[in-house]
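So the chains spell out like this:
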Amino acid sequence: MSSERTASLGVDIGGTKVLGLALSASGAVLGRVRQPTPQVSDAAQGRPVGTSVAEVAAAVIGELAESVGVDPRTCSIGVGVPGIVDRTGTLVFAPNLQGAIGADLAALIARPFERAPVAIDNDANCAALAEVHLGAARGVDHALLITLGTGIGGAAIVNGAVLRGANGFAGEFGHMMVNPDGPPCPCGSRGCFERYASGAGLRHLAAQAIAAGTLDPQFASAPELLISSATNGDAAALAVVDQFCWWLARGIANLCAIFDPELVLLGGGVIDGKAVVLEPTRAYLATEIEGGARRRPPRIEATVFGSDAGAIGAAILGERQR
Ligand SMILES: [Zn+2]
């Protein structure tokens, strides 16, 4: 009798890249494949973007399965997408993957493998699953995940499970309004949390400082440069990062009033675990949080898996829905 080799395959469809990871039963990464995400402009060729995205995801799955020597028809497969997925697996809202809205990605991705639809969820929910099962939130019942990229991705872990809400819209922390007089947001509202505490938010705060003459214009479109200059002690850069940390703490304080987490995980390319962001955010949270000195604020820590979290969590999702 032959024992068939198997793996959990996870795919994270991002705005710019599709990352696939194969996990062993113990959660070790066995293989990794990456391809560019088809862009909205591809729709001009007369093909729906959803179909192109599904084809690339399927190609990543095929390549991944081959690289680790497994059969994709018998493996569990999970997919994370940068948008909101309803309970049927249809993508209903995706500002960074507009053309794929309405596509039944779960079925389209499964089709070349002649198998049932794959498991699918929002990328931040997948990242939270990765942290709960294998990462920084292991054994933690109440936690929040906040990923700071161009915008803000979020997920709430309540009683040890990722909260999806009635329609899959839970955890959209980035679009919590923090200033009704703030700048307009692509979601249609204004003064959203992510206008202040994301890569775009850092750019906005830098632009204000440049307009006020307190910051060098070289920082206009380079949040990473601003963070690294602040880390190196540049006073003007530090002042902007300090403002950023206040807004981040203010938003976290609002979320604490709702969720009362014991742990807040911060991830994403903008901060990537940097002390220059983590430390002031902890200090501001201690004063901004309801109950201040009379309660212990949640721990604020960096995520463990960084940019692999979505694909790792997608693999776990697939395994759980098998
Ligand atoms: Zn918004």
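Structure's up top.
**Concerning the overall build of the protein chain**
Thinking step 1. Along its length, the protein chain carries eight helices and 12 strands.
Thinking step 2. For the protein chain, whose C-alpha radius of gyration is 20 Å, the value lies close to the compact-globule estimate of 20 Å for 322 residues.
Thinking step 3. A burial count over the protein chain gives 51% of its 322 residues as buried.
Thinking step 4. With the model as given, the accessible surface of the protein chain reaches about 14,200 Å², and the carbon-plus-sulfur share is 51%.
Thinking step 5. Positive and negative side-chain charges of the protein chain, numbering 23 and 30 respectively, have mean locations separated by a distance of 3 Å.

**Observations concerning the packing of helix 4 (residues 199–211) against helix 6 (residues 235–259)**
Thinking step 1. The geometry of helix 4 relative to helix 6 is characterised by a closest axis approach of 10 Å and an angle of 135° between their N-to-C directions. As summarised for this structure, helix 4 and helix 6 are arranged oblique, according to the angle between their axes. Between helix 4 and helix 6 the crossing geometry is right-handed. Contact residues: helix 4 offers Leu202, Leu205, Ala206 and Ala209, while helix 6 offers Val240, Gln243, Phe244 and Trp247.
Thinking step 2. Its residues assigned to classes, the contact of helix 4 with helix 6 comprises seven nonpolar, one polar and no charged.

**As for the sheet that holds strand 12 (residues 299–302)**
Thinking step 1. Strand order in the open sheet made by the five strands is 10-9-8-11-12, with mixed pairing throughout. Here the strands that pair on one side only, and so sit at the sheet edges, are strand 10 (161–162) and strand 12.
Thinking step 2. Of the strand pairs in this sheet, strand 8 (residues 143–148) and strand 9 (residues 152–158) are connected by six bridges, and their pairing is antiparallel. Across the sheet, the residue bridging to Leu148 is Ile152, located in strand 9.
Thinking step 3. Its contacts with the sheet put helix 3 (residues 123–133) on strand 8, strand 9, strand 10 and strand 11 (263–267), and the angle it makes with strand 9 is roughly 50°.
Thinking step 4. Its contacts with the sheet place helix 6 against strand 8, strand 9, strand 11 and strand 12, and it is angled at close to 150° to strand 8.

**Topic: the coordination of the zinc ion**
Each pair of donors in an ideal four-coordinate tetrahedral metal site encloses 109.5 degrees, whereas pairs in an ideal six-coordinate octahedral site enclose 90 or 180 degrees.
Thinking step 1. All of the protein donors around the zinc ion are His175 (ND1), Cys185 (SG), Cys187 (SG) and Cys192 (SG); their distances to the metal are 2.1 to 2.4 Å.
Thinking step 2. Bound by four donor atoms, the zinc ion shows angles of 102 to 119° at the metal and therefore tetrahedral coordination geometry.
Thinking step 3. Taking the relative accessible area as the measure of exposure, Cys185 reaches 7% and is therefore buried.

**Quick notes on the packing of aromatic side chains**
Thinking step 1. Inspection of every chain in the model, using the stated rule, returns three aromatic pairs.
Thinking step 2. With 5.0 Å between their ring centres and 80° between their planes, Trp246 and Trp247 make a pair best called edge-to-face.
Thinking step 3. Owing to a relative accessible area of 28%, Trp246 belongs among the partly exposed residues under this scheme.
Thinking step 4. Looking at Trp247, the relative accessible area reads 15%, which means it is buried.
Thinking step 5. What links up through ring pairs into an aromatic cluster is the set Tyr196, Trp246 and Trp247.

Procedures and definitions
Residues numbered from 1 in each chain as written. Predicted model: local features only at pLDDT ≥ 70, side-chain atom pairs only at ≥ 80, totals over all residues. Heavy atoms only, no water. Helix = DSSP H or I, 4+ residues; strand = E, 2+ residues; numbered from the N terminus. Rg over C-alpha atoms; globule rule 2.2 N^0.38 Å. Buried < 20%, exposed > 50% of the residue type's maximum accessible area, 1.4 Å probe, protein only. Areas by Shrake-Rupley, 256 points an atom, 1.4 Å probe, with all protein chains shown as cover. Lys, Arg positive; Asp, Glu negative; His and termini not counted. Charge placed at Lys NZ, Arg CZ, Asp CG, Glu CD. Axes fitted to C-alpha atoms, helices over the stretch in contact; angles between N-to-C directions. Parallel < 35°, antiparallel > 145°, perpendicular 65-115°, else oblique. Left-handed = near helix turned anticlockwise from the far one by under 90°. Contact = heavy atoms within 4.5 Å. Nonpolar A, V, L, I, M, F, W, Y, C, P; charged D, E, K, R; others polar. Pairing = 2+ DSSP bridges. Donors = N, O, S within 2.8 Å, 3.2 Å for Na, K, Ca; no water. Tetrahedral: all angles 85-135°; square planar, octahedral: opposite > 155°, others 65-115°. Phe/Tyr/Trp six-rings, centres within 6.5 Å; stacked < 30°, edge-to-face > 60°.

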